[in-house]
Structure formats: C-alpha cells, structure tokens
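# Close look at the chain arrangement
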Amino acid sequence: MANSDNKAFKTSIGGSALIEGIMMKGPSVDAMALRLPDNSIDVSSWENDGRKKWYKKCPFIRGIFNFFDSLFSAFKCLMKSADAAGMEDEEQGRLEKWLVEKLGKKYEMAVQFISVVMGMLLAVGLFIILPTVLIGFLRPYVNSRLLLSFIEACVKIGVFILYVYIVSRMSYIKRVFMYHGAEHKTIFCYEAGLPLTVENVRKQSRFHPRCGTSFILIVVIVSVLVFSMVPWDSLSMRIVLKFLSLPVVVGIAYEVIKFAGGHDNLLSKILSYPGLLLQRLTTAEPDDSMIEVAIAAMKPCIPENEGEDAW
C-alpha cells in the first residue's frame, strides 16, 4: 500500500462530501462510503480510466476536462447518497413514484440531467449574469475596464459567501460540511504517512489547500484578469463572451491550484491562503463516526504501487 514508510508526500487523491457519506477519486479506483440509516457503512468502489485519458498530461486542457468529470461524478454520487439516506422517498410525490415505477432508469437519468442543467443555470445566473448586470450600472462612472472587472469579482465573492452562508443554515448541509472536514483530515493523515485510524485522522487540520472551495475562489480571481479583456460596450455581449471564455478561466485556475498544492513556498502559501479562509465556511469539525466513513472511502483508492497517486 502506498506511503507505508511514514514519509510525507502530496497525493492526487481527492473527494467530495455527500449526504451522510464521502466520495473519493483515486488514480485508478474511485470509491464511495455511506453511513446507512441502520448505522452500518456501505462501501462501493469502481475502476476508472483516469490514467489512460489523453488530457491528463496536457496543461490547461486537463483542468477543463477534470472539472467537468469531477462535477458529474460528484453529482451522481450525491444522488445515490440522497437515495440511500431515504431523502428521495420522503420527498417523492405520487406522480414521481409512478414515473419511477414505469420508466425506471430512464426517469432517473432524465432527472439527473435536468438537475445538472438547472444547477449550472443557477451558477451562471448568480456568478456571471447577476454581477455583470449590477456592475453595469457603474459603467457611466468608471472608465477603467480592469477596475470594473475587479469590482465585479468582489460582487461574485460576496454572492458566493452569502450563498454558502445561507445554505449552511440547513441542518443536513451542516452535516455535509462536517463530512467535508472528515475528508480533508483523512487525506492529510494519509499524506503524513500515518496509519488511517480515527485517532490519527482526528488530529489533522480540516483546511486543505487542494480543496474544491479553494479552486472556486481561484476561478473568481483568475476571472478578474481574463474578463478584464472582455469589453463592457454591450452587457449582453459581455455575458456571452464571459460564458464562452469560462473554459480558459477553469484551465488557468486548475494550473494555479495544482502549483499551489504541490509546493511549500511563500507563493504557494499566498495562493492558498484565501481558499483556506473560505473553508471555514464550507468545512466543520467531524465526529468520529464521520471519520470512519472517510477512512472507508479512502482505503480503496490508495494504489498498491507507491507513488502512483503523487500530486
């Protein structure tokens, strides 16, 4: 098993918190561990073809593909975790239950697709359209394109923090953030070369520099520079051009966080610091039962050959 010599390193294994569970992505195996209503832990794992994908070695391009791959994987596992927790059964009405019985997998796939599209539309509305429209009122008073983009980015960050704060008030989201903390602690424990026990994991930090929260913040910061080159002459055209340039922003942001996560110097610490602060909102200290789930999700993803999961 990798990293068995108690030597600290940085792993490429990462994951996401689910409803009463955690999903982890390894170099060749992905896994999901869920705490079921009967208090048992259900672990499922499956092979991925991550190492065979052509874009893995292509700077900037790999960030775009990795982003969407992680997004869809996390959403698919999130739906499964909600189902295992019994949330879908509680929320389903008669019509929905009838459609599930008649259409089966086709209905589930349609619901998942629509949910992803709606989620992306919400993100586009909150973080692309709304800030642009609001800052558009300042155009007669601010002549600097870069300054307008900077103010726009500040509005994006404000909207994001407000959104996270509102969502965090929901009881089950609070538990998701606790599982998020357990995920980070477990990865830190593994990177430190320590045995994956509840006691060892509990001592670790819940703030990790290679977190998706940090990535989102870096995306916003990078967008300031990229979107500053997009003209403000027409708000509608600016929104379209911003949407089309999103892959560029994502690609650059991925390389930034890859650098920050793979180095321990002043520059990497500066790049990581804002994201670590933001994780105070998106992570919480987990209890031991959550740490057990995180360890269960982590173990199948660790490769047999040491170094295969190096960041």
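Everything discussed here concerns the structure shown above.
Summary of the structure given here. (Residues numbered from 1 in each chain as written. Predicted model: local features only at pLDDT ≥ 70, side-chain atom pairs only at ≥ 80, totals over all residues. Heavy atoms only, no water.)

### Details of unusual backbone geometry
At Glu20, a position not held by glycine, the phi torsion is positive, near 55°. With respect to the helices and strands, the residue Glu20 is situated in the loop between strand 1 (14-18) and strand 2 (21-25). Residue Phe60 is not a glycine yet carries a positive backbone phi of 70°. Its location among the elements puts Phe60 in the loop between strand 4 (41-47) and helix 1 (61-84). (Helix = DSSP H or I, 4+ residues; strand = E, 2+ residues; numbered from the N terminus.)

### Overview of the pattern of salt bridges
Applying the stated rule across the entire model yields twelve salt bridges. For Lys25, the salt bridge is made with Asp69, and the minimal N-O distance between the two is 3.6 Å. Of the two residues, Lys25 is situated in strand 2 and Asp69 in helix 1; the sequence distance between them amounts to 44 residues. Residue Lys185 is joined to Glu285 by a salt bridge in which the shortest nitrogen-to-oxygen separation is 3.1 Å. Placement of Lys185 in helix 6 (residues 171-191) and of Glu285 in the loop between helix 11 (266-282) and helix 12 (288-298) is noted, with a sequence separation of 100 residues between them. (Salt bridge = Lys/Arg side-chain N within 4 Å of Asp/Glu carboxyl O.)

### With respect to the sheet that holds strand 4
Where strands meet in a sheet, backbone hydrogen bonds hold them as pairs that are either parallel or antiparallel. If you trace the four strands from one edge of the open sheet to the other, you get 1-2-3-4, paired in antiparallel fashion. The open sheet is flanked by strand 1 and strand 4, the only strands paired with a single partner. Each strand of the sheet is rotated relative to its neighbour by a mean of 15°, with strand direction disregarded. Relative to strand 2, strand 1 is paired through five bridges, and the arrangement is antiparallel. Residue pairing in the sheet places Gly15 in a bridge with Met24 of strand 2. Helix 1 rests against strand 1, strand 2, strand 3 (29-35) and strand 4 of the sheet, and its axis sits at about 150° to strand 2. Strand contacts of helix 12: strand 2, strand 3 and strand 4, with the helix running at about 155° to strand 3, the strand carrying the most contacts. (Pairing = 2+ DSSP bridges. Axes fitted to C-alpha atoms, helices over the stretch in contact; angles between N-to-C directions. Contact = heavy atoms within 4.5 Å.)

### Describing the nonpolar core
Among the nonpolar cores identified, the biggest contains 34 residues, and Ile13, Ile22, Met24, Leu196 and Met298 are the most heavily contacted of them. Contact partners of Ile22, with chain neighbours within four places excluded, come to Ser16, Ala31, Met32, Ala33, Tyr179, Ala182, Glu183, Val293, Ala294 and Ala297. By size, the runner-up hydrophobic cluster in this structure holds twelve residues, among which are Ile218, Val219, Val250 and Ala253. (Core = buried A, V, L, I, M, F, W, Y, C linked by side-chain atoms within 4.5 Å. Buried < 20%, exposed > 50% of the residue type's maximum accessible area, 1.4 Å probe, protein only.)

### A few points about a nonpolar patch on the surface
On the surface, Phe67, Phe68, Leu71, Phe72 and Met120 cluster together into a nonpolar patch covering about 400 Å² of accessible area. Considering every element that reaches the nonpolar patch, the biggest residue donor is helix 1, with four residues. Along the chain, the position of Phe72 falls in helix 1. (Patch = residues over 30% accessible without salt bridge, like charges linked within 9 Å, V, L, I, M, F, W, Y side chains within 5 Å. Areas by Shrake-Rupley, 256 points an atom, 1.4 Å probe, with all protein chains shown as cover.)

### A word on the side chain of Asp309
Note that Asp309 resides in the segment after helix 12. The side chain of Asp309 is buried and forms no salt bridge, while Arg210, the nearest opposite charge, is found at 8.8 Å. Here Tyr190 takes part through its side chain, which lies 2.8 Å from a polar atom of the side chain of Asp309. (Lys, Arg positive; Asp, Glu negative; His and termini not counted. Polar contact = N/O pair within 3.5 Å; in protein donor to acceptor, adjacent residues only side chain to side chain.)

### Observations concerning the pairing of strand 3
Counting buried residues along strand 3, seven of its seven residues qualify, which places the element largely inside the surrounding structure. Burial along strand 3 is two-sided: Val29, Ala31, Ala33 and Arg35 and Asp30, Met32 and Leu34, pointing in opposite directions, are all buried. Direction of pairing for strand 3 relative to strand 4: antiparallel, over a ladder of seven bridges. If you follow Leu34 over to strand 4, its bridge partner there is Asp42. The antiparallel hairpin formed by strand 3 and strand 4 contains five residues in its connecting segment, where Asn39 sits at a positive phi of about 80°.

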